[in-house]
Amino acid sequence: MMRRREFLTSSLAAAAATLASRSARASSGLVEILLDEPVGTIAPELHGHFTEHIGEVIYGGVWVGENSKIPNVGGIRKALVDRLRQLGAPVIRWPGGCFADSYNWRDGVGPRTERPVRTNFWDNTTQLCKAPDGPQKYDPNTFGTAEFMFFCRLAGAKPYLAANVRSLTPHDFDEWVEYCNSPAGSTTLAQTRAADGSREPYNVTYWGIGNESWGCGGDFRPEEYAVEFRRFTSWVPDYGQKLRFIGSGPGADLRDPQVSWTRGFLGNLVAKSPDLLDRLYGLSMHYYCWTTGKGDSLEYTPDEWYQMLSQADFMDSLVPLHWSAMRDFDPGHKVKLVVDEWGAWHRNTPLGPAYLFNYVPSLRDALLSALTLDIFNRHAEKLAMCNDAQLVNNINTLFLAMEDRFVATTIFHVFDMYKSHQGGTSLRTVFDAPRISYGAGKTFWGLAGSASLHGKALVVTVVNPHASEPQEAEISLRGAAAQSTQVTVLTANDIHAHNDFDHPDAVTPKTEPANVSGSRFNWTFKPASVTKLEIELA
Ligand code: AHR
C-alpha cells in the first residue's frame, strides 16, 4: 500500500493524474487497486494460529477430554473444531511460546494414564500461582504430540512444532522428528506413534528451532544462537520430507533500528557458510502491542482506541525493516519472515484464576487484527507464515471457552472475513483519505486495507479507523471493471462492543449485495468498521 506522497513520486503517471484531478475533494478518499501490479501470493499460512500450554488455552480451551460432558471429538472441543473448519485454518503452532523451551516431547507420548505430571513453565508467574492445582499449573501431559496432530487433522490445519533449544539437545530434537515422520513400522518411535494412534507418519514440515531465544528460550546472544541453530539443524534425519526450519528471530529489539538480533544471527550463520541459508526456511519475529501499562480491553477512550491501532500499525514498518536487513546476508531473499506471535496485549479480564493473559476482545481488537492481516497481505512476498497469539482464552484470542460455554470473539469474525484473501495474488493498492487527529497533535491514517485477485474474483478489505465518522471514497479498479459486488461489514454503534458468553452475537458481520459496478464507483465506509468487497470482474 502506498500513501499519496509515495504514490506521486512513483512512475505511475496515469494514476497520478487521477489523484491530481481529485485534489479539490480533500475530504473524500480514494481506494485504488492496481490490477497489473501483483505483489506476490498470499500464502494461506499468513492467517495462521498459535496454541500454548498456558492458562486455559490447551486444557479447558482445546482439550476437554473424551469423557467430558462438553461436546468433543476424541477429547477435542467440538465447537472449536467446527469453527476452525469454517475458517479454513491453515496452520497451528504448538506447544509454545516460552513453554516450548521447557517441554520434553517424550512426556506427551505413550499411554495417557502413564504420562508424567510436570510443573508447567507458566507456574512461576504470580497470576498462575494463585490458581488452584490443576492441569494449567501441573501439566498432566494428557495433551501431547498425538493429540495435537489429531487436533490439526480435525481442524484441517498443518502442524508447526516448536523445538526445545534451551533445555533439550539436538539428539532429542532428531528423535522428535523421528517420532513424527519415520515411516510406518520402521523404528521403535514409529511403533510408539502407532500405539498412540497413527501408524502413518505425520510428515511434519514446519519446525521452530526454539522460541524467543534471546529471552525465555535460553537468554542467548545472537552469535550464540547461530551456533545452536546450526547444531539443531545439522544432519537432521528428514525421512524424505523437506523440513522447513524456522529460526528464532527478533522480539525484544523490535524498536532497535540496528535490528541487532536479525543482523547478529544471520551474520554469524552465513559467516560459517552462506549455504546455511538453505537450512533456514523462515526467520521468526514476535510483535505484541499495548497501551502504557496494558489497559483494559473493554474500557478505553477514543484516544486509546487510536493509540492501540497506531501501535499495531507499527508492523507495517517492522516487516520491511527486518526484510531489508536480511537482504544484506541473503541478497536473493531465500529466507522469508515468519511473524509467529502477534496481537494486542491488554490487562487480564478476571474470568477465573487459571485464565492467564486472557481478556475479552472488543471491536477495537477486530480493527487491530484486520489492519494487521491487511499489512501481511500487502507484504505477501516477504512473509511465509504468521500466527495470531493465541487461538483461545489468551491474548488476541479468536474464542473464549469456559466449561461448556464457547463464544467466537470479534477477532474470529475478522479471520472469517479475511479467509477470502488466502491463496490469492496480493495487488498493489493506493489508499488515501484525510488523516484523523487524536491526542496531543497525533494523527492516524484515514483508510487502509489490502486487495487480492483470484481469477475473475477481486477481494478488497478496508479498515475505517474513525471512531465516529464514516469515510466516503472513490474505488478505482485500474485495468478492470466490476460486474457484480457483494459487501460484508463488521462494525457496531459502540466502539467498545464485544462478544462474550452472555452476548455471543453482539458483533457479527453483515453481508449483502452492493449496487455498484464499472471501473470506478463510490463507497461509504461506516465509522469504526472493517469492510470486505467481493467483486466479480467483467
Ligand atoms: O504468547 C505468550 C508469550 O508471549 C509466549 O509464550 C512468548 O513467546 C511471548 O513472549
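Everything below is about the structure printed above this text.
Below is a summary of the structure that appears in this document. Owing to the predicted nature of the structure, the values given are computational and were not obtained by experimental measurement.

Some remarks on the sheet that holds strand β9 (residues 206-209)
Taken in spatial order, the eight strands close into a barrel running β2-β5-β8-β9-β10-β11-β12-β13, and their pairing is parallel. Neighbour-to-neighbour, the strand axes of the sheet open up by a mean angle of 25 degrees, direction not taken into account. Relative to strand β10 (residues 244-247), β9 runs parallel, the two being bridged by four bridges. Pairing of Y206 across the sheet is with R244, part of β10. Against the sheet, helix α6 (residues 170-181) makes contact with β5 (91-94), β8 (158-163), β9 and β10, and its axis sits at roughly 165 degrees relative to β9, the strand it touches most. Running over the sheet, helix α12 (residues 363-378) touches β11 (280-289), β12 (336-344) and β13 (383-389) and is turned about 175 degrees from β12.

Digging into the state of the cysteines
Per the counting criterion, the structure on display carries one disulfide. C180 supplies the cysteine sulfur nearest to C152, a cysteine that is in no disulfide, at a spacing of 11 Å. Among the residues examined, C152 registers a relative accessible area of 2% and is labelled buried.

Considering the environment of N211
Examined against the element boundaries, N211 turns out to sit in the loop between β9 and α8 (222-233). Exposure remark for N211: the relative accessible area of 1% places this residue in the buried category. Along the primary structure N211 and H286 are separated by 75 residues, whereas in three dimensions their C-alpha atoms are 9.7 Å apart. Within the structure, the side chain of N211 is placed 3.2 Å from the backbone oxygen of G97, a separation counted as a polar contact.

What about the site of the ligand?
The immediate surroundings of the ligand are formed by 13 residues, with E52, C98, E212, Y288 and E341 found nearest. N211 has a polar side-chain atom sitting 3.1 Å from an oxygen atom of the ligand. Between the ligand and Y288 there is a distance of 2.8 Å, counted from an oxygen atom to a side-chain nitrogen or oxygen. Starting from 280 Å² of accessible surface for the ligand in isolation, the protein chains cover 93%. Broken down by class, the residue content of the shell around the ligand amounts to six nonpolar, four polar and three charged.

Description of the sheet that holds strand β20 (residues 457-464)
Taken in spatial order, the nine strands make up an open sheet running β23-β22-β25-β20-β19-β16-β1-β21-β24, and their pairing is mixed. Here the strands that pair on one side only, and so sit at the sheet edges, are β23 (510-514) and β24 (520-525). Along the sheet, successive strands turn relative to each other by an average axial angle of 25 degrees, direction set aside. Pairing of strand β22 (residues 482-490) with strand β25 (residues 529-537) involves eight bridges; the strand directions are antiparallel. In the sheet register, L490 faces β25, and the bridge partner there is V530. The sheet strands contacting α12 are β1 (29-41), β16 (425-432), β19 (448-454), β20, β22 and β25, and the helix crosses β19 at an angle near 50 degrees.

Brief notes about the side chain of Q390
Its place among the elements puts Q390 in the loop between β13 and β14 (399-402). For Q390, a relative accessible area of 2% translates into the label buried. Setting aside residues no more than four positions away along its own chain, Q390 makes contact with F50, T51, E52, I54, V57, I395, N396, T397 and L398.

Notes on the pattern of salt bridges
Once the charged atoms of two side chains with opposite charge are near each other, the side chains can pair. Going through the model one piece at a time under the given rule, you end up with 23 salt bridges. Linking E66 and R112 is a salt bridge whose minimum nitrogen-to-oxygen distance equals 3.0 Å. Taken as a pair, E66 in the loop between β2 (48-50) and β3 (72-73) and R112 in the loop between β5 and β6 (118-119) lie far apart in primary sequence, 46 residues in all. A relative accessible area of 48% means that E66 is categorised as partly exposed. The partner of K334 in a salt bridge is D278, and the shortest N-O contact between them spans 3.0 Å. Taken together, the residues K334 in the loop between α11 (315-327) and β12 and D278 in the loop between α9 (260-272) and β11 connect sequence positions 56 residues apart. Judged by relative accessible area, K334 falls into the partly exposed class, the value being 49%. By relative accessible area, which is 45% here, D278 ends up partly exposed. If you follow the salt bridges from partner to partner, you end up with E66, R112, R115 and E147 in one network.

Quick word on the nonpolar core
With 130 residues, the main nonpolar core has L84, F143, F151, W207, F265, W305 and F399 as its most contacted residues. A total of nine residues in this core trace back to one element, the largest contributor, which is α12. Judged by nonpolar contacts, the second largest core, of 26 residues, contains L427, A473, L477 and L533.

Here we look at α12
Taking 1.5 Å per residue, 16 residues should reach 22 Å; α12 reaches 23 Å between its end C-alpha atoms and fits that length. Burial analysis of α12 places 16 of its 16 residues in the buried class, which makes it a mostly covered element. N-cap assignment for α12: the residue whose side-chain oxygen lies 3.0 Å from the backbone N of R364 is S362.

A look at the packing of aromatic side chains
If you walk through the whole model with that rule in mind, you get 32 aromatic pairs. Ring geometry for Y288 and W345: centres 4.8 Å apart, planes at 70 degrees, overall edge-to-face. Of the two residues, Y288 is situated in strand β11 and W345 in the loop between β12 and α12; the sequence distance between them amounts to 57 residues. Here the two residues Y288 and W345 agree in accessibility, since each one is buried. Residues F399 and F412 carry aromatic rings whose centres are separated by 5.4 Å and whose planes lie at 45 degrees to one another, so their mutual orientation is tilted. Taken together, the positions of F399 in strand β14 and F412 in helix α13 (residues 410-418) put the pair 13 residues apart, joining distant regions of the chain. Like F399, the residue F412 is buried in the burial classification. Here the guanidinium or amino end of R93 rests over the ring plane of F50, the centre of that ring lying 4.7 Å away. Between K294 and the ring centre of W345, over which it is positioned, the NZ or CZ distance is 4.4 Å.

Criteria and thresholds
Residues numbered from 1 in each chain as written. Predicted model: local features only at pLDDT ≥ 70, side-chain atom pairs only at ≥ 80, totals over all residues. Heavy atoms only, no water. Pairing = 2+ DSSP bridges. Helix = DSSP H or I, 4+ residues; strand = E, 2+ residues; numbered from the N terminus. Axes fitted to C-alpha atoms, helices over the stretch in contact; angles between N-to-C directions. Contact = heavy atoms within 4.5 Å. Disulfide = S-S within 2.5 Å. Buried < 20%, exposed > 50% of the residue type's maximum accessible area, 1.4 Å probe, protein only. Polar contact = N/O pair within 3.5 Å; in protein donor to acceptor, adjacent residues only side chain to side chain. Near = heavy atom within 4 Å. Areas by Shrake-Rupley, 256 points an atom, 1.4 Å probe, with all protein chains shown as cover. Nonpolar A, V, L, I, M, F, W, Y, C, P; charged D, E, K, R; others polar. Salt bridge = Lys/Arg side-chain N within 4 Å of Asp/Glu carboxyl O. Core = buried A, V, L, I, M, F, W, Y, C linked by side-chain atoms within 4.5 Å. Expected span 1.5 Å × (residues − 1). Phe/Tyr/Trp six-rings, centres within 6.5 Å; stacked < 30°, edge-to-face > 60°. Lys NZ or Arg CZ within 6 Å of the ring centre and 35° of its normal.

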